[in-house]
Structure formats: C-alpha cells, structure tokens
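Okay, here's what each chain looks like letter by letter:
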Amino acid sequence: MKKLLVLISLLITTLCYSQNQANWWFFGSNASIDFNGGTAIPNNVGVLDTIEGCSAISDACGALLFYTDGITVWNSNHTVMPNGNGLFGDPSSTQSAIVIPLPNSPDLYYIFTISILNFSAGSSRTGLYYSVVDMNLDNGSGDVIASQKNIPLLADGSEKLFAAVSSNGLDAWIVTYAERISGSGSFDQFYAFKLTPSGIDLSATVLSQSTATRTTDKRGYLRVSPDGSKVAMMTQNYVNPNITFESGVGAWLFNFDNATGRVTNPTRLNFPAGYQAYGTEFSLDSRLVYVDLNTLGNGLVAAERLLLQYDTTAANFQDNPVTIYESNINDSRDDTMRGALQIAPDKKIYYTRDEEPWLAVINNPNSIGAASNFVYDGLALTPGTTGNEGLPPFYNAFFNPSFSVVEGCSTAPTQFIADDIATCPNNSVLWDFGDPASAVNNTSTQINPTHIYATAGSYTVNLIITTPAEVFNATRTVIIVDTPVIQTVNDIELCDDISNDDFAPIDFTPVRTQAIGSQSLSTFDVTIHSSIADANEDFNALSDNDILSSGDYYVRIDNKVSNGCYVTTPFQVRIAALPVPTTVNDLILCDDFSNDGTESFDLEAAAIQGLGSQDASLFNYSFFLSQNDADLNQNPINSPYDNTINGEEIFIRYENNTNTTCDATVSFNLQVVSQPSIPVLEDFTICDDSSRDLIEVFDLSTLVNTIENTQLGNLTTTFHSSQLDAQMDVNPVDTSYINNLPQEILWVRLENNDFITCYDVQPLNIEVFPKPIVQTTPDLFKCISDQVTITATAGFSSYLWNTGETTASINVSEEGVYTVVATDSNGCDDTSSTTVTNYLLTQIIDVEIEQFTLRSNRIEITAIGDGPFEYSIDNFFYQDSNVFTDLLPGFYTVYVRDKNGCDLITAPATIIAAPPFFTPNQDGFNDYWQVTAIVTEPDAQIFIFNRFGKLLKQLSPVGPGWDGTYNGNPLPSSDYWYRVELIDGRSFKGHFSLKR
C-alpha cells in the first residue's frame, strides 16, 4: 500500500483539474451560462439547440474551448469546427455527449457520444462512440481529427453515460449501461472503458453485470458522485417490480470502485407510485442524491413534477426521501416536463424546466431538506432562450481543486504542485508547510514551491488558492523520512548454463549485504531492480534466484516508513557465455599422389566449427593430444599439425575470454583419403550420321571402366563442359552427351568419396568426323543381253559391294540394285546404290487398218515396251509416227524397233478395197470384180446388187470374183452395188461400174 500511495502522489503531479473547466454551459434552445465571475451569468452567445444531451469544456482558467450536442462541435468562436459535423450523438439522447481531457495532454480532448434509435437517420441501434479534438489545430480553435472520429466502443446501449477519475488520479473511467447479450434489447450490464494517457485501453474494459436493474428502456440519467464512490441511475417508465425484464425501471443507487471500474450493490430508491425517474445529481460532498420525477415520462407533455432528496448516510435512506419540490396537482400552470440536475462551479445544483426561460436552483445542495434552499424561479435565462430537458454533464475530477507532492527526505527538497487553477490570472496561492522550525521558509506564495525539512517526521501542509470568485483550501499530511546511506557493491560474475540464453538464477544476498552496510534492516528496505526507472519508482523488485540476464542492475534503499526517500547505486551482472561445443566433424584431407596416409592439417577450421553459431569473439580455444591435457590446459599443439597416424584424435579446449572458468572440450579425428588419378585418355571420336550436322551422341559411360581402372575407394566419374565446373563438381553433363561443335574438350572428374571428396580432373577430346559422300553410276537401263559397268567415287580407303566385290568399279549383266559401302581414312563410311533395269521387250499389240479406199487407206500401229519406238513398212525407211497413210490396198509387213537398239519386231497388215470398175471382155485385164485382199478374211460375205437393190451375186472371198453375168446372161454396162460383211461385225458398201 505504501508504494501505491507514493505512486498516486507522483502521478497527481501531472494531473490537476479545476472546476473552471466547467465554467461554460450550453444547453436547451440557445441558452448558455458563464460561471467565470463566480456567479451564474446567463447569455445567448451559443448556437446550440437540443432537446436533451449536450456538453461543454473550458480550460483551467475558464476560457471556453468548445461545446457540442453530440452531433455538431462548435469552437469558442461559435462556429463549427473542421470535421465537427456528423458525430454519432442525438438531440433526443439523454446524455448525448460528455467531454474528457486526455490525461497528461494539454491539447487533446475526447468527446464520448451516445446515439438513439433513429430509423429516419438510418440507425438501427444506440451505441457508444468517441471522437478526438486537437486544440492545436485550426490556429488554436480546435479540429476534430478525421481519422479519430466516431470510433465505436459499444454497438448498442442505453442513453446513460458518466466519466469518473480513476483512483490513480490519472486515468478516467467512461461508464455506460448496455446489453449483456448483444441484440437482446435488454440492458443489464455496466461497461467501464478506461481512458489513459495513451488513449482508450480496451484491454482494461470492465464489465459489471446487473440483472436486478434489467430494463428495455434507454432513457434517464446516469451520474457518479464527486468523490467517485457512488453511482445513481434513473430509468423511465412506471415502476412495476413484477415485470422481470423491466425490474430496473425507477431510481437506483450503486457503489462505484474507481480503482477497478466496477459498479456493484444496487439499491432501489423508492418514490411514490405514478411517477417516472429521469434526472439526478449528487451533492458536492457526495452524501446526498437528488432525483427528478414526473408523472409523464415521454418529454412531450407537461405534467406534475416531484424533486426528492436521499441522505445516503441515513438508515433506510432508500425508503425515506425528503421532498424538495412538488408541483401543485390542482394547478396546471406549474406543470412541466422531465428535467436534468447538474452541480455547477458555484457549488449550486441547477434544475432545468423544459421550454421555459428559467432554471430552478438548489442553493445549498449539501444541506438536508428545506435547508438546501430550493428556489423554483432560481435563474432567469436570457430572453429568447429556453432550457429544455438536458444540462451539460461534467467529469467529476473538475470539482475538487487540490495539490500534489513528491515526498522528500530530510535535508533534501520536497516538491509541491498546486492545482492548475492557481496558474490563472488574478489568482494567488499561500502555502503553509507545517514546519514552524523553518521560520520564514515555512510559507510560500509560489505556485509549485519546494521545501526542505531538516528532520524526519509528519507535517501537515495547507494550500490556500484565492480566486476573484472564491477561496479554495486543501490540506494533506506529508511524511518526511531520513535519507538512507548506500555502500558500493561488487559486480556479480557467473557462467551461463548450456542454453546460453544470457539468463541465470541470481543470488543477490551478497549485494544486499554490501549495500546496507551497518544500517538496520528493521528501518530500511533493500530492493534490487533491473532499471533505474524501476528503482526510482520502487517497481518490480527482484527476488533472490530470479532468472535474469546480464546487464545493469540497481540497489535501492528506502525507509520503511515511506519509500519516497531513497538512494540507489548501480552494479553489473555479467553472465559469461558458457562454451557449448557442437559436434566437430573429423578433419579429412586428400592424400597427395604419394598416398602415404599423412598430411598437414589446419586445426582452426575444426575449432570454428565447434563453436557453431556462438559468438567466436567471446571464446579462446587451443588444441591437445589427450583429454587430460585439455582438462589441465597443458601441452597444447600448434596448427597446422602433421598427423602421425591415420585416424589420430585431437582435443579442443574452449574457454570464455573474460571468465576462463567457463570452459568445455570436444574431440575429433584426422583422416587421410586416398587420391584418385585419371589415366591418359585417348580422343573419343564418332563418325557423323546421315544428317551430316556434325552433332552426335557420345556415350561417355563407356569410358568409366577405363578411367576408374582398378583404383580403390568409393569412386564416381562425372563429365563437365569446363575445367572450372569439373573442379567445382557442378553442372555435370549427361553421359549421353550431345556435342555442340565438331571438336570439343570435356573435362573428366574422378572422385574418391570415402570420407570427403578427393578428385582428379583431366581433359577429354571429343570429335565428330564428317560423314563422307560416295556416289555411284546413276541408275540405268540396258538391253537384256548387255553388260554394264558401275563405278563408285574414287579416293576411299575401301569399298564393299553387295556382290562381295571390293573394287571401285564392277561389271554387271543382271538387272538389280547394286550397293557399295565406301570407307574413308577416319573409318567413316557412306553408302550409295545404282539400280540396273533391263528394257522391256517390245510388243505389237494392235495394227489398226482403215480400208476400202484406193488411196486414203491408213495403218496405225500400237506397240508396248520401254520405248521410245520408231516404225517402218519397208524395213528401210523408219519414222517416229506409228501411223502410215495414203496406202494402196494390198499386203504389208509393219516393223517396230526401240530406239535403244534392243528390239525389232514385225507384223503383217492387209488393206482390203473394192475396185471402182471391171471390164468382163475376156481380154485378160479386169475380167472379174473381186474385193482386193479379201482372202485374208475367208469368212467374209460379199453381196452384189443392181441399182434397184436386187441381189445379183454372192461371192466367195477365196474365189476369182464376179464375171458380170446373172443366171449365165451378161449384164449390161451400168453401176452396181456391193456390201461386204466381215466376221467381226464390220461391213462396208459402195458401188462400182461394169464396162463392156
């Protein structure tokens, strides 16, 4: 508790509120009051017009800062602040807004607003929001910060709201009454939000369930007493305890814990039936609570009014109120609507009368009954203005001007700080430090003086603040204690554990003993702290064997009577890092080409590995040939070190370079791996394929056995495109390697991977020989009996024909395909073939004859074979045409031969014709008419007719012909007709002359 009291006194030095901050009121319809002169001066300078909720704030000296109806914020010039429109309050919300200064900030103010259910404005629920005003903005007239406007705190709640200073004298509680179950529409829980110097601390929100006061009605005032110990809550509607979900209707009194923000112990304030509760206020001494009652609670129709006073210190006070005012039930002229009550800077309580230019006044609110001096027409408002149902609520911290003190030690200055009201013009202070022995120094007129008390003890300090309006008197007991003496203490040095987290259990007993010296532990406390701030504030004292880290620590000695007087001294805790070696890999080297099993080892790499991620700058290390030498730190060996046997064990000792007792060891072995060697490799050559692109696939795997030979070890062979890649063992090429250039150099890497990779790298030449080109005699045709010579391109090292012959040329007589494989000096070959084909035999397949004319007869010959052909009918003259024309009737032989000279074939041809006349006069010339060459058609039929179509004679093809007679009688000279019918169906007809 002692530490908490000192904390409060320290905090109060930064938080001094005065009642001047409540000196300006704005309410009703353009009504306002100025209390800066010590009395209430009504005026009409404001522009606010509201039914109920409103709020205002002044500075410590009473100068107006701004005011609001919860929707609009007006500055001291009575113009709307930038961003000052659209706050989420409502003119019909009971407590639409309240303004609270941000603790420890002279310029930031929080406006808390409560809306109401307003379907026309698109609202579906009431809710608690806040917006922040920065008085530095807009040239000192203030501005609502756009990014901190209408910040939601609670989605749905009643129209009730108050602000109370926390027990620490710094923070503020913002309390409202709302739903415990969101969306239920039933209010049964208090929500206390904490406003700190850092803003709203949502993690500190406190919930106080209150099912006894459950209700669905949002209306009515919620007030906290000036001393922060009590809360009064009014809820409208007529009281009917039998309705469970409306059991909270009426007037209630609660306890309030301003240390925790909890609202507890509901007590119903009973009053006559037929009334509804709305407004309430506490007396300045927090003893009395006033309750406003009205027979109608809707705020729309005037009705009977009743004002009751409850003495919370009296027995059964809840059932025994005192009537302060009651309207005349028989006189409607004094009827009025519900109204708010508000304590004022002049220590009076003002009571609003709806739509009237008057306020009622309780002149002595700390007095019982009639002594409270209630005046119905207590304050006339400025003409043209009226009060309505609401008055501005204020933070309860505004009504208790006081002072704070930083407790001091004897012979040292003690600091006193007066309330901010003392800084206002025309105000004065007078301090009495309660130390008559200090003579003239026992008083001071400075606002924030210091005083030195020569001896320890309790002193009663009194502050008088005189203002033009009144005199404030505050008294406090200050305890002055002797100054302790602190001795120099030694630093603490430890080894860390294997976690090396720089944390270890610290025994502070030696430090405490050294620090207090010969002073008595019954008089002084000795504490250890991890920061000078904690030491100065006596926070977070450390216990022995707390797990702590290296750093600066502080001893604090203070008097057990009051720890406001103390001394501190620093010391250090140094937790030296304990070396925690990691497993060290064996050092493994590749042997040289001697492969004798010994090499020179650099042991430093092993030592660095053993440190792992530990800070190497913290440790020293050395090397030994045995564990005993390492433990005793004797006979170290140097690095580099030549091993004597393969597998030799080496020990590393690590120790902290600032505390050598923090040490550890680890060991590892020295291994030597056999060095592989690549033999001299012949060039790897390949002949190009028929694509002739000089790109081929090299099967490098065929070289592995030759490369590895019979060497021992876990061998791996890889191939690379560059020497660097081979040395770095990166980018191996596929063993089915496709070259890019006709000639390339690949690099072979041979590894021995027994423990580490030992390797050799050698070049390998690869080459693609061009594929040669061999040509043979073009394909040819020949006569069947001919022999021909086929010749391949000269200059090859060897030839091999498919006939088995090995010469460049061969003679062939048979038709077929003759293929040669020609191989050049690189062993690359090419293949070429010649096809030998015999000409086909020539055949005459048709001889077409046009006949029965004398001179226009023709022969057309159709022959098949390879050709080309030439034709003749006399075997002397040959022509390319197969048609012979203008031929005489008769017997012919046709000749066909191919021009390659292989074949000559013949066929007979006969041209049949009818003579145009005959002379049967027995002179030996043309005595018979017969179809010429008809004998070649022995089956033909020949008919002779006269000109009248009478058949005269049918001739035999093999006979001599017609002699010009009919039945033995000579026929006369005339024209006669013939018809010749051949066996193939053809027929010919015509006429001839018989001449005698």
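Residues numbered from 1 in each chain as written. Predicted model: local features only at pLDDT ≥ 70, side-chain atom pairs only at ≥ 80, totals over all residues. Heavy atoms only, no water.

Asks: Any chance you could explain the overall build of the chain here in plain terms?
Replies: Within the chain, the regular secondary structure consists of 7 helices and 71 strands. Here the chain has a C-alpha radius of gyration of 66 Å; the compact-globule value for 996 residues is 30 Å, and the former is much larger. The buried share among the 996 residues of the chain stands at 50%. Across the chain, contacts joining residues at least 24 apart in sequence account for 57% of those joining residues at least 6 apart. Charged side chains of the chain number 43 positive and 116 negative; the gap between the two group centres comes to 17 Å. (Helix = DSSP H or I, 4+ residues; strand = E, 2+ residues; numbered from the N terminus. Rg over C-alpha atoms; globule rule 2.2 N^0.38 Å. Buried < 20%, exposed > 50% of the residue type's maximum accessible area, 1.4 Å probe, protein only. Contact = heavy atoms within 4.5 Å. Lys, Arg positive; Asp, Glu negative; His and termini not counted. Charge placed at Lys NZ, Arg CZ, Asp CG, Glu CD.)

Asks: How should the environment of V561 be read in this particular structure?
Replies: Note that V561 resides in the loop between β39 (551–559) and β40 (566–576). Sequence separation of V561 and I349 is 212 residues, and the distance between their C-alpha atoms is 43 Å.

Asks: When you look at the pairing of strand β9 (residues 128–134) in this model, what are you seeing that I'm missing?
Replies: Of all 7 residues making up β9, 7 are buried, and the element is well covered by its neighbours. What you see with β9 is no split at all: L128, Y130, V132 and D134 on one side and Y129, S131 and V133 on the other are buried throughout. In this structure, strand β8 (residues 108–114) lies alongside β9, joined through 7 bridges in antiparallel fashion. Among the inter-strand pairings, L108 is bridged to a residue of β9, identified as D134. In the sheet, β9 pairs with strand β11 (residues 151–154) via 3 bridges, with the strands oriented antiparallel. Within β11, the position partnered with Y129 by the bridge is P152. Pairing geometry for β9 and strand β10 (residues 143–144), over 2 bridges, is antiparallel. Residue pairing for β10: V133 is matched across the bridge by V144. (Pairing = 2+ DSSP bridges.)

Asks: How should I be thinking about the sheet that holds strand β15 (residues 199–209) in this particular structure?
Replies: Pairing between the strands of a sheet is mediated by backbone hydrogen bonds and can be parallel or antiparallel. Taken together, the 4 strands give an open sheet; going across it, the order is β12-β13-β14-β15, and neighbouring strands pair in antiparallel fashion. In this open sheet, the two strands that pair with only one neighbour each are β12 (157–165) and β15. Within the sheet, the average angular offset between the axes of one strand and its neighbour, ignoring direction, is 20°. Of the strand pairs in this sheet, strand β13 (residues 172–179) and strand β14 (residues 187–196) are connected by 8 bridges, and their pairing is antiparallel. In the strand pairing of β14, A178 is matched with Q189. (Axes fitted to C-alpha atoms, helices over the stretch in contact; angles between N-to-C directions.)

Asks: What exactly am I supposed to notice about the nonpolar core here?
Replies: Side chains of a nonpolar character, in soluble globular proteins, are inclined to be buried together. Of all hydrophobic cores here, the largest spans 79 residues; its most connected members are F66, F112 and Y350. Not counting residues up to four positions away in its chain, the partners in contact with F112 are S96, A97, I98, I100, L128, Y129, Y130, L153, L161, I174, L195 and I200. Counting 22 residues, the second-largest nonpolar core is a separate cluster that includes F918, I934, I942 and W962. (Core = buried A, V, L, I, M, F, W, Y, C linked by side-chain atoms within 4.5 Å.)

Asks: Sorry, what's going on with the sheet that holds strand β31 (residues 443–444) here?
Replies: Across the sheet, which stays open at both edges, the 4 strands sit in the order β31-β30-β33-β34 with antiparallel pairing between neighbours. Each edge of the open sheet is held by one strand with a lone partner, namely β31 and β34 (471–480). Bridge analysis of strand β33 (residues 457–466) against β34 gives 10 bridges, and the strand direction is antiparallel. Bridge pairing links G457 to I480 in β34.

Asks: Help me understand empty space enclosed by the protein in this model?
Replies: Empty pockets left among the atoms are what a rolling probe the size of a water molecule brings to light. Summed over all chains, the structure comprises 1 cavity of 30 Å³ or more. Its boundaries defined by the atoms lining it, the largest cavity holds a volume of some 110 Å³. Lining the largest cavity we find 15 residues, and of these R223, V224, E281, F394 and N396 sit closest to its centre. In terms of residue class, the lining of the largest cavity is made up of 11 nonpolar, 2 polar and 2 charged. (1 Å grid on protein atoms, 1.4 Å probe; cavity = no way out; pocket = protein on both sides within 12 Å on 5 of 7 lines; lining within 4 Å. Points joined across faces, edges and corners; volume = space filled by probe spheres on them. Nonpolar A, V, L, I, M, F, W, Y, C, P; charged D, E, K, R; others polar.)

Asks: Honestly, the state of the cysteines in this entry has me stumped. Any pointers?
Replies: Any covalent bond linking the sulfur atoms of two cysteines counts as a disulfide. On inspection of all chains with the given rule, the structure shows 5 disulfides. With a sulfur-sulfur separation of 2.0 Å, C687 is cross-linked through a disulfide to C828. Disulfide C687 to C828: torsion about the S-S bond roughly -85°, handedness left-handed. Of this pair, C687 sits in strand β47 (residues 684–687) while C828 sits in the loop between β57 (816–823) and β58 (829–838), and the two are 141 residues apart along the sequence. The exposure class of C828 is buried, given its relative accessible area of 1%. (Disulfide = S-S within 2.5 Å.)

Asks: Teacher, can you tell me more about a nonpolar patch on the surface here?
Replies: Taken together, the side chains of Y238, L296, L300 and V301 define a hydrophobic patch exposed on the protein surface, amounting to about 380 Å² of accessible area. Note that L300 resides in the loop between β21 (288–294) and β22 (305–311). (Patch = residues over 30% accessible without salt bridge, like charges linked within 9 Å, V, L, I, M, F, W, Y side chains within 5 Å. Areas by Shrake-Rupley, 256 points an atom, 1.4 Å probe, with all protein chains shown as cover. Salt bridge = Lys/Arg side-chain N within 4 Å of Asp/Glu carboxyl O.)

These figures capture arrangement, not role.
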